[in-house]
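# Examination of the molecular architecture
Residue strings, one per chain:
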Amino acid sequence: MRIALAVTGCVGAYKAAFLLRLLQQEGVDVRVVMTESAQRFVGPLTFEALSGHPVVTTMWEPSATGEIRHIALAQSIDMLVVAPATANCVAKFANGICDDFLSTLYVSTTVPVMIAPAMNVEMWRHPATQENLARLAARGVHVVEPGAGYLACGMVGEGRLAAPEEIASRALAFLRLGGPP
């Protein structure tokens, strides 16, 4: 099994390293994609060391083989998992905006997509975010709901990234069962 793990820019990005390890423990080959904002929270070197593969951080890095990287990656994976998925990422996906490697990968992939949103409680509850999530769900994107509790911004409520164990369990069950658990 091969999963592309996409990490977007929020404080929960550090939990993606734990998620990567949990997936690897189950025999998954994990390829990591990081947005520019994610790199402000966790460095690509962390994910490269853990995954054993180069980390994709930009759409504009030349390929040694001449391949179109987002197409090649999209065709080589069994699932795309975005954890954490920011409100910005969710909005891009819902509206087909392709302005970075991750959003272009999303639009290029034909495999199952699972997102684990993480954001401030007000961002989570905002009608635009909820509409975007509904649009994605209608297209077959699987959403791992965020947890509730104390958030990095100091507020309490929904928006905390789901536990890496839950995300890994749901992704693995989906792949093994060929659909939602």
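Before going further, it helps to examine the sheet that holds strand E5 (residues 142-143). In spatial order, the strands read E2-E1-E3-E4-E5; together these 5 strands make up an open sheet with parallel pairing. The open sheet is flanked by strand E2 (29-34) and E5, the only strands paired with a single partner. As judged from the 4 bridges shared by strand E1 (residues 2-7) and strand E3 (residues 79-85), these two strands associate in the parallel manner. Looking at the pairing, Ala-6 lines up with Val-82 of E3. Against the sheet, helix H4 (residues 87-95) contacts E3 and strand E4 (113-117), and its axis sits at roughly 140° relative to E3.

The subject of this paragraph is helix H3 (residues 69-76). Taken together, the buried positions of H3 are occupied by His-70, Leu-73 and Ala-74. All buried residues of H3 lie within an arc of 100° about the axis, which places them on one face of the element. If you follow the buried residues of H3, they end up packed against E1, E2 and helix H5 (101-108).

Mapped onto the fold, Ser-169 is located in helix H8 (residues 164-177). Residues Ser-169 and Ile-71, spaced 98 residues apart in sequence, show a C-alpha to C-alpha distance of 27 Å.

Considering the arrangement of structural elements, one finds Arg-125 in helix H6 (residues 121-125). Sequence spacing of Arg-125 and Asp-99 is 26 residues, and the spatial spacing of their C-alpha atoms is 25 Å.

All told, the structure shown has 6 salt bridges when counted by the stated rule. The partner of Lys-92 in a salt bridge is Asp-99, with the nearest N and O atoms 2.7 Å apart. Taken together, the salt bridges that share partners define one network made up of Arg-2, Asp-29 and Arg-31.

Turning to unusual backbone geometry, a few remarks are in order. The step from Ala-83 to Pro-84 runs through a cis peptide bond, and the omega angle for that step is 0°. Tracing the backbone through its elements, the reader meets Pro-84 in strand E3.

A large share of E1 lies buried, amounting to 5 of its 6 residues. Here 6 bridges tie E1 to E2, and the two strands are oriented parallel to one another. If you follow Leu-5 over to E2, its bridge partner there is Val-32. A crossover connection joins E1 to the parallel E2 through helix H1 (residues 15-25); in handedness this β-α-β unit is right-handed.

Another aspect to go through is the packing of H3 against H5. Where H3 contacts H5, the axes come no closer than 9 Å and their chain directions differ by 50°. Classed by the angle they form, the pair H3 and H5 counts as oblique. Taken as a pair, H3 and H5 cross one another with a handedness that is right-handed. Here H3 contributes Arg-69, His-70, Ile-71, Leu-73 and Ala-74 to the contact with H5, which in turn contributes Phe-101, Thr-104, Leu-105 and Ser-108. Looking at the contact of H3 with H5 residue by residue, the classes come out as 5 nonpolar, 3 polar and 1 charged.

What counts as what
Residues numbered from 1 in each chain as written. Predicted model: local features only at pLDDT ≥ 70, side-chain atom pairs only at ≥ 80, totals over all residues. Heavy atoms only, no water. Pairing = 2+ DSSP bridges. Helix = DSSP H or I, 4+ residues; strand = E, 2+ residues; numbered from the N terminus. Contact = heavy atoms within 4.5 Å. Axes fitted to C-alpha atoms, helices over the stretch in contact; angles between N-to-C directions. Buried < 20%, exposed > 50% of the residue type's maximum accessible area, 1.4 Å probe, protein only. Arc of directions from axis to C-beta. Salt bridge = Lys/Arg side-chain N within 4 Å of Asp/Glu carboxyl O. Right-handed = clockwise from strand over helix to strand, strands pointing away. Parallel < 35°, antiparallel > 145°, perpendicular 65-115°, else oblique. Left-handed = near helix turned anticlockwise from the far one by under 90°. Nonpolar A, V, L, I, M, F, W, Y, C, P; charged D, E, K, R; others polar.

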